[in-house]
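Listed here are the chains, written in short residue letters.
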Amino acid sequence: MSSDLKAVILAAGKGTRLKSELPKVLHPLFGKPILMHVLDTLGALKASEACVIVGHGRAQVLPALDCYAESKTAQPEGASETVITTITQEPQLGTGHALLQVRQKLSAWAAYTGDVLVLSGDVPLLTADALTRLLQVHRETHQDLTLLAAALPNPFGYGRVITEPSPNGPPSAVSVTRIVEQKDATEAEKAVSLVNTGIYCLNWAKISPLLDQLSNQNAQGEFYLTDVIALAVQAGYSVGLAHLDDPEEMLGVNSRADLALCHDVLNRRTLNRLMADGVTILHPASTFIGPDVSIGTDSTVLPGCYLQGSVTIGKRCTIGPHTTMSGTVVIEDDVKVLQSSVRDARIGSFSSVGPFAQLRDGVELSHHVNIGNFVEVKKASIDHHTNAAHLSYLGDATLGTDVNIGAGTITANYDPIRDVKSQTLIEDGAKVGSNSVLVAPVTVGQHASVAAGSVITKDVSPWDLAIARGRQVAVSDWVKRTKGITEPV
Ligand code: UD1
Ligand code: CA
């Protein structure tokens, strides 16, 4: 038996019940479209190719897939082993018709003799473990087609798996005969609790020709992929069952309520993983952490945090309360981030951020940096032991080590007339007085000092003091004279 593996992800359907302009498979969970959750899971199986069937909203789905493939190539471990291809299904005449597109349009698959995993783009909680087990059952029991099924207390809405006692097995063994959809089921069939997850593993060379025989004579007038089961049984192929232990994994996103439910499940999984790994999460009910977040031992996440994206946090950090992170974030050990927003940033060890700080768009903080309250830092690199404690904007800037930024300092990086952004360089040991404006492009040299309230438009040489404000004038007894007070006070 071949060990080759390819996958097809059905993602062409409309998702009517979401009532959205965004295609269903692009609705995000923790900032990542549900389709990409499926592709990420598939990544662990190291399939050689994943063919995504697109249709409804493909003008949005195709660029999202390109973007996903690019992000995978850019990762340090290099390009993923799974090549993503796409096929258009137009019009969308059902799940069987979707898979038929691969047979009809992907000539490269015509001679393929390996296994194909069929997945749904709207089922984001399925784990790589479940897929691995499906593949294992399929291969170890030498099946031509294996379907992943689950027993549900409330099977309503799903296709029911109809079985009969297995002729050559023990009394408990059953063999699959067919699948019947909810809308086509008799009352007796509706009582069956074993449901089809919509996930299959099949021998492409044997099973794909059966797709030509599908008909749309059913309640929905669609070409059901599920009818391939009965066709395979009739053709004498071996059809097996793999069981999904945790039915939660088969939750599909068909409505906004499903989306919220999937978000909850994913969150709970991540929180449980992190707590098991030695992270303190004081109030799981108000803490939201996406699947691509890793946190070192003895770190604490306080209530009200929402962490999504590719976030790596070191040991002994304290995050929150009320902190958001997104994009690519790397935080070293012993860092504190309090009530702040962090997007695409790197924070060195023993640094402290917040409360009410915003770091964004490629900020690099070295170790022992202090970014205090109401400080916004954008596209800036800040060296160790530098301090910007209050009420500042540092954008398009490079700060050396041991710099002190006084309260209210602003880097004026943007010229709205020419529509250009310019750089500010503040060298090692420089001290910038409170309420200064540094009009970029400008450099404050090493150990230079800027007097409070200055508007700096020219470079400041090392060790100089720059004062750029009106001199203070004392007008003697002005108040007295203005008020007409003549007696001594
Ligand atoms: C399907 C199964 C059902 C199973 C359930 C599990 C069929 C006929 N039924 O039902 O037995 O219990 O999944 O979740 O297969 N799609 C296309 N092109 C189409 C139609 C659908 O690509 O023409 C895609 C959808 O985008 C979706 C997936 O196929 O990702 C499943 O389609 P959906 O309409 O959601 O099927 P269900 O009714 O959920
Ligand atoms: Ca569905």
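In this text the structure is predicted, and so the values were computed from the model without any measurement.

**Digging into the packing of aromatic side chains**
Turning to step 1, where the next piece is worked out: Throughout the structure, instances matching the rule amount to five aromatic pairs.
Turning to step 2, where the next piece is worked out: When the ring of Phe 288 is compared with that of Tyr 306, the centres are 5.8 Å apart and the planes differ by 25 degrees; the resulting orientation is stacked. Taken together, the positions of Phe 288 in strand S13 (residues 288–289) and Tyr 306 in strand S16 (residues 306–307) put the pair 18 residues apart, joining distant regions of the chain.
Turning to step 3, where the next piece is worked out: The partly exposed category is assigned to Phe 288, whose relative accessible area is 25%.

**Concerning the side chain of Ser 454**
Turning to step 1, where the next piece is worked out: Note that Ser 454 resides in the loop between strand S34 (449–450) and strand S35 (455–456).
Turning to step 2, where the next piece is worked out: The exposure class assigned to Ser 454 is buried, which follows from its relative accessible area of 0%.
Turning to step 3, where the next piece is worked out: Sequence-distant contacts of Ser 454, defined by excluding residues within four places in its chain, comprise Asn 435, Ser 436, Val 437, Ala 466, Ile 467 and Ala 468.

**Comments concerning the coordination of the calcium ion (ligand 2)**
Turning to step 1, where the next piece is worked out: Each protein donor to the calcium ion (ligand 2) is listed here as Asp 122 (OD) and Asn 254 (OD1); together their distances run 2.8 to 3.0 Å. Taken together, the residues span a long stretch of sequence, with Asp 122 in the loop between strand S6 (115–120) and helix H4 (128–140) and Asn 254 in the loop between strand S11 (239–243) and helix H8 (256–276) at a distance of 132 residues.

**Digging into the pattern of salt bridges**
Turning to step 1, where the next piece is worked out: Applying the stated rule across the entire model yields 22 salt bridges.
Turning to step 2, where the next piece is worked out: One salt bridge in this structure joins Lys 32 and Asp 292, with 2.8 Å as the shortest N-O distance. Highlighted residues: Lys 32 in strand S3 (residues 32–33) and Asp 292 in the loop between S13 and strand S14 (293–295), separated in sequence by 260 residues.
Turning to step 3, where the next piece is worked out: Across the pair Asp 361 and Arg 343 runs a salt bridge whose closest N-O atoms are separated by 2.5 Å. Remark: Arg 343 occurs in strand S21 (residues 341–347) and Asp 361 occurs in strand S23 (residues 358–365); sequence separation between them is 18 residues.
Turning to step 4, where the next piece is worked out: Of the residues examined, Arg 343 reaches a relative accessible area of 33% and is grouped as partly exposed.

**So, the nonpolar core**
Turning to step 1, where the next piece is worked out: In terms of nonpolar packing, the biggest core is built from 50 residues, with Met 325, Ile 331, Leu 359 and Ile 371 touching the most fellow members.
Turning to step 2, where the next piece is worked out: When residues in this core are grouped by element, the largest group, five residues, is from strand S24 (residues 370–382).
Turning to step 3, where the next piece is worked out: Lining this core are residues from two domains, each supplying at least three of them: domain 2 (277–378) and domain 3 (396–489).
Turning to step 4, where the next piece is worked out: If sequence neighbours within four positions are ignored, Ile 331 has contacts with Thr 312, Ile 313, Gly 314, Cys 317, Ile 319, Met 325, Val 337 and Ile 347.

**A look at the pairing of strand S9 (residues 174–180)**
Turning to step 1, where the next piece is worked out: Counting buried residues along S9, five of its seven residues qualify, which places the element largely inside the surrounding structure.
Turning to step 2, where the next piece is worked out: Where strand S8 (residues 160–165) meets S9, six bridges bridge the pair, whose relative direction is antiparallel. By the bridge assignment, Thr 163 is partnered in S9 with Val 176.

**What about H4?**
Turning to step 1, where the next piece is worked out: Taking 1.5 Å of rise per residue, the 13 residues of H4 would be expected to cover 18 Å, and the 18 Å separating its terminal C-alpha atoms lies within 8% of that figure.
Turning to step 2, where the next piece is worked out: Of the positions making up H4, those classed as buried are Ala 130, Leu 131, Leu 134, Leu 135 and His 138. All buried residues of H4 lie within an arc of 135 degrees about the axis, which places them on one face of the element. The outward face of H4, more than 90 degrees from its buried face, is lined by the exposed residues Asp 129 and Glu 140.
Turning to step 3, where the next piece is worked out: Against strand S1 (5–11), helix H1 (34–43), S6, strand S7 (145–151), strand S10 (194–203) and S11 lie the buried residues of H4.
Turning to step 4, where the next piece is worked out: His 142 occupies a position one or two residues after H4 and carries a positive phi of about 55 degrees.

**Here we look at the environment of Gln 423**
Turning to step 1, where the next piece is worked out: Structurally, the position occupied by Gln 423 is in the loop between strand S29 (420–421) and strand S30 (424–426).
Turning to step 2, where the next piece is worked out: Look at Gln 423 and you get partly exposed, because its relative accessible area is 47%.
Turning to step 3, where the next piece is worked out: When the C-alpha atoms of Gln 423 and Asp 396 are compared, they prove to be 5.1 Å apart, with 27 residues separating the residues in sequence.
Turning to step 4, where the next piece is worked out: The contacts of Gln 423, once residues within four sequence positions are left out, are Asp 396, Ala 397, Ala 440, Pro 441 and Val 442.

**Things to note about a nonpolar patch on the surface**
Turning to step 1, where the next piece is worked out: Taken together, the side chains of Val 473, Val 475, Trp 478 and Val 479 define a hydrophobic patch exposed on the protein surface, amounting to about 430 Å² of accessible area.
Turning to step 2, where the next piece is worked out: Tracing the chain through its elements places Val 475 in the loop between strand S36 (465–466) and helix H9 (478–483).

**Description of the site of ligand 1**
Turning to step 1, where the next piece is worked out: For ligand 1, the set of nearby residues contains 21 residues, the closest of which are Gln 89, Gly 94, Thr 95, Glu 181 and Asn 196.
Turning to step 2, where the next piece is worked out: In the environment of ligand 1, an oxygen atom lies 3.5 Å from a nitrogen or oxygen atom belonging to the backbone of Leu 93.
Turning to step 3, where the next piece is worked out: For ligand 1, an oxygen atom lies 2.7 Å from a polar atom in the side chain of Thr 95.
Turning to step 4, where the next piece is worked out: Protein burial of ligand 1: of its 750 Å² of free accessible surface, 86% is covered by the chains.

**Section: unusual backbone geometry**
Turning to step 1, where the next piece is worked out: Cis geometry is found at the peptide bond from Glu 90 to Pro 91, where omega equals -5 degrees.
Turning to step 2, where the next piece is worked out: The topology assignment puts Pro 91 in the loop between strand S5 (83–88) and helix H3 (95–105).
Turning to step 3, where the next piece is worked out: The amide bond that connects Ala 440 to the next residue, Pro 441, takes the cis arrangement and shows omega of 0 degrees.
Turning to step 4, where the next piece is worked out: Inspection of the secondary structure puts Pro 441 in the loop between strand S32 (437–439) and strand S33 (442–444).

**Considering empty space enclosed by the protein**
Turning to step 1, where the next piece is worked out: Summed over all chains, the structure comprises one cavity of 30 Å³ or more.
Turning to step 2, where the next piece is worked out: Size it by volume and the largest cavity reaches roughly 50 Å³.
Turning to step 3, where the next piece is worked out: In terms of lining residues, the largest cavity is bounded by Val 38, Thr 41, Leu 119, Ser 120, Val 123, Leu 126, Leu 131 and Ile 199.
Turning to step 4, where the next piece is worked out: Taken together, the elements giving at least two residues each to the lining of the largest cavity come down to H1 and S6.

**Notes on the packing of H1 against helix H2 (residues 58–74)**
Turning to step 1, where the next piece is worked out: It is the contact of H1 with H2, at a shortest axis distance of 11 Å, that shows an interaxial angle of 40 degrees. With respect to each other, H1 and H2 are oriented oblique. H1 and H2 meet at a crossing whose hand is right-handed. For the pair formed by H1 and H2, the contact residues are Leu 35, Met 36, Leu 39 and Asp 40 on the first element and Val 61, Ala 64, Leu 65, Tyr 68 and Lys 72 on the second.
Turning to step 2, where the next piece is worked out: Classifying every residue of the contact of H1 with H2 by side-chain character gives seven nonpolar, no polar and two charged.

Quick notes on the rules
Residues numbered from 1 in each chain as written. Chains lettered and ligands numbered in written order. Predicted model: local features only at pLDDT ≥ 70, side-chain atom pairs only at ≥ 80, totals over all residues. Heavy atoms only, no water. Phe/Tyr/Trp six-rings, centres within 6.5 Å; stacked < 30°, edge-to-face > 60°. Helix = DSSP H or I, 4+ residues; strand = E, 2+ residues; numbered from the N terminus. Buried < 20%, exposed > 50% of the residue type's maximum accessible area, 1.4 Å probe, protein only. Contact = heavy atoms within 4.5 Å. Donors = N, O, S within 2.8 Å, 3.2 Å for Na, K, Ca; no water. Salt bridge = Lys/Arg side-chain N within 4 Å of Asp/Glu carboxyl O. Core = buried A, V, L, I, M, F, W, Y, C linked by side-chain atoms within 4.5 Å. Domains from an automatic or database assignment. Pairing = 2+ DSSP bridges. Expected span 1.5 Å × (residues − 1). Arc of directions from axis to C-beta. Patch = residues over 30% accessible without salt bridge, like charges linked within 9 Å, V, L, I, M, F, W, Y side chains within 5 Å. Areas by Shrake-Rupley, 256 points an atom, 1.4 Å probe, with all protein chains shown as cover. Near = heavy atom within 4 Å. Polar contact = N/O pair within 3.5 Å; in protein donor to acceptor, adjacent residues only side chain to side chain. 1 Å grid on protein atoms, 1.4 Å probe; cavity = no way out; pocket = protein on both sides within 12 Å on 5 of 7 lines; lining within 4 Å. Points joined across faces, edges and corners; volume = space filled by probe spheres on them. Axes fitted to C-alpha atoms, helices over the stretch in contact; angles between N-to-C directions. Parallel < 35°, antiparallel > 145°, perpendicular 65-115°, else oblique. Left-handed = near helix turned anticlockwise from the far one by under 90°. Nonpolar A, V, L, I, M, F, W, Y, C, P; charged D, E, K, R; others polar.

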